[in-house]
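Notes for the structure review
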Amino acid sequence: MAAAEPGVGVAPPAEEPGSGPLCAVPLRLARLPLARVKALVKADPDVSLASQEAVFVLARATELFVETIAKDAYVYAQQGKRKTLQRKDLDNAIEAIDEFAFLEGTLD
């Protein structure tokens, strides 16, 4: 059997908004408003300065965290034959997944 050529039979990757050559919409790297994230960071009395890079990294890390926990909780919603996440789905994800152990008891 002959080896398949790279890229043959594989769909091209979907383009991100703002990545097309004629697209006028700029690509947004962070979905959370950076000004709000910066305001939250500055609300900490131990923080005096926060660079734009640090604010961006915090915003992106938060987005990835929320996406991960939502996807994991959605698995439990699907097991209950539901499409809407409920608190019990988040509780189940936190309880079942070791990476979320630091959140145990936070929703009480």
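Residues numbered from 1 in each chain as written. Predicted model: local features only at pLDDT ≥ 70, side-chain atom pairs only at ≥ 80, totals over all residues. Heavy atoms only, no water.

**Side note on the confidence of the model for the protein chain**
When pLDDT is averaged across the protein chain, the result is 82; 75% of the residues are at 70 or more. Considering only residues more than four positions removed or in separate chains, one finds that residues 1-12, a stretch of pLDDT under 50, has 0 contacts. (pLDDT = per-residue confidence, 0-100. Contact = heavy atoms within 4.5 Å.)

**Quick look at the pattern of salt bridges**
Taken as a whole and assessed by the stated rule, the structure comprises 5 salt bridges. With a shortest N-O distance of 3.6 Å, Asp91 and Arg87 are connected by a salt bridge. Of the two residues, Asp91 and Arg87 both sit in helix 3 (residues 87-96), 4 residues apart, roughly one turn of that helix. Residue Asp91 is classed as partly exposed on the basis of its relative accessible area of 29%. A residue is classified by how much of its surface remains accessible, and Arg87, at 45% relative accessible area, is partly exposed. In this structure, a network of salt bridges that share partners links the residues Arg87, Asp91 and Asp108. (Salt bridge = Lys/Arg side-chain N within 4 Å of Asp/Glu carboxyl O. Helix = DSSP H or I, 4+ residues; strand = E, 2+ residues; numbered from the N terminus. Buried < 20%, exposed > 50% of the residue type's maximum accessible area, 1.4 Å probe, protein only.)

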